[in-house]
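Commentary on secondary and tertiary structure
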Amino acid sequence: MLINFNDERPIFIQIAEGIEDAILSGAFKEESQIPSITELSVNYRINPATALKGINLLVDEGIIYKKRGVGMFVTQGAVKLLKGKRKEQFFDNYVKNLIEEAIRLDISKEEVIKLLERGYE
Amino acid sequence: MSIEINNISKNFGSTRALDGVSINFEENRIYGLLGRNGAGKTTLLNIITNRIFSDSGEVLVDGMHATENDKALSRIYMMGERNYYPENMKIKDVFRWTKEFYPDFDMEYANKLADIFELDLKKNVKSLSTGYNSIFKVIIALSVNTPYVLLDEPVLGLDANHRDIFYKLLIEKYSNSPATYVISTHLIEEVSNVIEDVIIIKKGKIIKNETREELMSVGYTVTGMASLVDEYTRGKEIIGTDSIGGLKSAYIIGEVIRNEVPEGLEITKMDLQKLFIQLTSA
């Protein structure tokens, strides 16, 4: 069974993930400052409370920290933390969906493995 | 600190425009007041600002009765569809007049916004196009600095670029100096990310008053073969359906129980617009 909330997930989660992606890609480096709540909300035209909620997710996970009166920064070690978290989600987010679709299309396990190998070539 | 609306009713002849409406507009939040044409949005805003009077019920602004109370009313600015200025007044003169009534009106900021929107201050109000008429009023609303700002259809006639600028400025302004904004509109999709709370009014009655997130989480759409959808939705609260050929979508209020959903049905979230249409259709 496919439950697909992916495209329309709550905005605060998308904000948090957008920042995670930027950290993973190196756009926001560890110990560097990230955009403020105001910058995020103005830029994406979203309510500041929504942006704050997204940021707080990352603060709770120790990926972002706040410096009082200065701003928000990427934690030292955030990349490692994020990679660990994303690896845990990799099976659920990608592998499961891949297999479900393969079953729907009658693609055998052997074929899937071949396709994966082709993807790496 | 809030605008408290208690049990307001209003009749126009035999039409019940508002029917026992109670809302609390709290400090520093952005509300969406959503309703179809004629649902009672403007009537409600007009009552709050004393442009018309209710038949029963009361409005309290920060604890003060609003009826014919200048102190209470000076805390609210309403941008309405109608103009209350002499038609041949120049925009810069309207700005000056506004400053007389609302001492916190920020003239410098208003001029800056006029510049951004390319609004010529020397023009007469009556010479403005529908779009620029809205822009002119939006500029005042964003510059008055009252604790409560009511915007009745603020983007009426604005093109896509100007609407985008408006939402950007609104969020910027709200971030820098928070106030309570009530945005009445039927253009829901655009405003849905900006608002924090949603009030849906239908035929003079409040049918929803929740945070946007609460409201969005109450509904979902299930799509698939009509027979499968019918079987799945039996006993559930269905607020509407769409069919194309043998494919059917049902809009459901309630929580999805994931392992209850059979193979072949797809579950998607309902966006605010869709939810609104289903909740307010006749």
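See the structure shown above.
Residues numbered from 1 in each chain as written. Chains lettered and ligands numbered in written order. Predicted model: local features only at pLDDT ≥ 70, side-chain atom pairs only at ≥ 80, totals over all residues.

1. A few points about the overall build of chain B
The condition is simple: Elements are defined by DSSP. Helices are runs of H or I of four residues or more, strands are runs of E of two residues or more, and each kind is numbered from the N terminus. Each residue is classed by its C-beta neighbour count within 10 Å, where at least 20 other C-beta atoms makes it buried, 12 or fewer makes it exposed, and intermediate counts make it partly exposed; the C-beta atoms are placed from backbone geometry. The contact rule is simple: place each C-beta atom from the backbone, and if two of them lie within 7 Å, those residues are in contact.
Per the secondary structure count, chain B includes ten helices and 14 strands. Taking the principal axes of the C-alpha coordinates as reference, chain B spans close to 65 × 40 × 35 Å. The buried share of chain B, taken over its 282 residues, is 35%. The long-range fraction of contacts in chain B, counting pairs at least 24 apart against all pairs at least 6 apart in sequence, stands at 67%.

2. Concerning the packing of helix H5 (residues 130–143) of chain B against helix H6 (residues 160–176) of chain B
All names here are of chain B. The following threshold applies: Note on geometry: axes are lines fitted to C-alpha atoms, helical ones only across the stretch in contact, with angles between N-to-C directions running from 0 to 180 degrees. Relative orientations are named as follows: roughly parallel for angles under 35 degrees, roughly antiparallel for angles over 145 degrees, roughly perpendicular for angles from 65 to 115 degrees, and oblique for any other angle. Charged means Asp, Glu, Lys or Arg here, nonpolar means Ala, Val, Leu, Ile, Met, Phe, Trp, Tyr, Cys or Pro, and polar covers whatever is left, Gly included.
Closest axis-to-axis distance for the H5/H6 pair is 11 Å, and the angle between their directions is 5°. When the axes of H5 and H6 are compared, the pair comes out roughly parallel. In contact with Gly131, Ile135, Val138 and Leu142 of H5, H6 contributes His162, Phe166, Leu169, Leu170 and Lys173. Taken together, the residues of the contact of H5 with H6 break down into six nonpolar, two polar and one charged.

3. Quick notes on the sheet that holds strand S1 (residues 2–12) of chain B
All names here are of chain B. What counts, and what does not: Strand pairing requires that DSSP identify at least two bridges connecting the strands.
The four strands lie next to each other as S2-S1-S4-S5, forming an open sheet whose pairing is antiparallel. A single partner strand is all that each edge strand has here, and the edge strands are strand S2 (15–26) and strand S5 (64–65). Alignment of strand S4 (residues 56–61) against S5, held across two bridges, turns out to be antiparallel. Of the residues in S5, the one forming a bridge with Val61 is Met64. Strands S1, S2 and S4 of the sheet are contacted by helix H1 (residues 41–48), whose axis makes an angle of about 120° with S1.

4. Notes on the nonpolar core
Residue and element names in this part refer to chain B. Note the cut-off: Joining buried Ala, Val, Leu, Ile, Met, Phe, Trp, Tyr and Cys residues through C-beta atoms within 7 Å gives a set, and that set is a nonpolar core.
Core analysis: the largest hydrophobic core is formed by 91 residues, its most contacted members being Tyr31, Ile48, Ala141, Leu150, Ile183 and Ile199. Here this core takes eight residues from H5, the largest share from any one element. In this structure Ala141 touches Tyr77, Met79, Val149 and Leu151, once residues within four positions along its chain are discounted.

5. A short note on the interface of chain B and chain A
With 20 residues of chain B at the interface, the matching set in chain A holds 16 residues. Sorting the residues of the side of chain B that touches chain A by element identifies H6 and strand S14 (266–269) of chain B as the ones contributing at least two each. Top contributing element to the side of chain B that touches chain A by residue count: H6 of chain B, with six residues. Grouping the constituent residues of the side of chain B that touches chain A by class yields eight nonpolar, three polar and nine charged.

6. Observations concerning the sheet that holds strand S12 (residues 237–244) of chain B
Residue and element names in this part refer to chain B. Judged by pairing direction, the sheet is antiparallel, and its four strands sit side by side in the order S12-S13-S11-S14 without closing on themselves. At either margin of the open sheet sits one strand with a lone partner, and together these are S12 and S14. For this sheet the average axis-to-axis angle between neighbouring strands, irrespective of direction, equals 25°. Relative to strand S13 (residues 247–253), S12 runs antiparallel, the two sharing seven bridges. Within the sheet, the bridge partner assigned to Ser243 lies in S13 and is Lys248. Here helix H9 (residues 226–233) sits on the sheet in contact with strand S11 (219–225), S12 and S13, set at roughly 140° to S11. Across the sheet, helix H10 (residues 272–280) touches S11, S12 and S13, and the angle it forms with S12 is around 105°.

7. Considering the pairing of S1 of chain B
Residues and elements named next belong to chain B. As paired elements, S1 and S2 share eight bridges and run antiparallel to each other. If you follow Asn11 over to S2, its bridge partner there is Arg16. Linking two consecutive strands that pair antiparallel, namely S1 and S2, is a turn of two residues; a positive phi of about 60° is found at Gly13 within it. Looking at chain direction, S1 and S4 are connected through five bridges and run antiparallel. The partner of Asn6 across the bridge, within S4, is Glu58.

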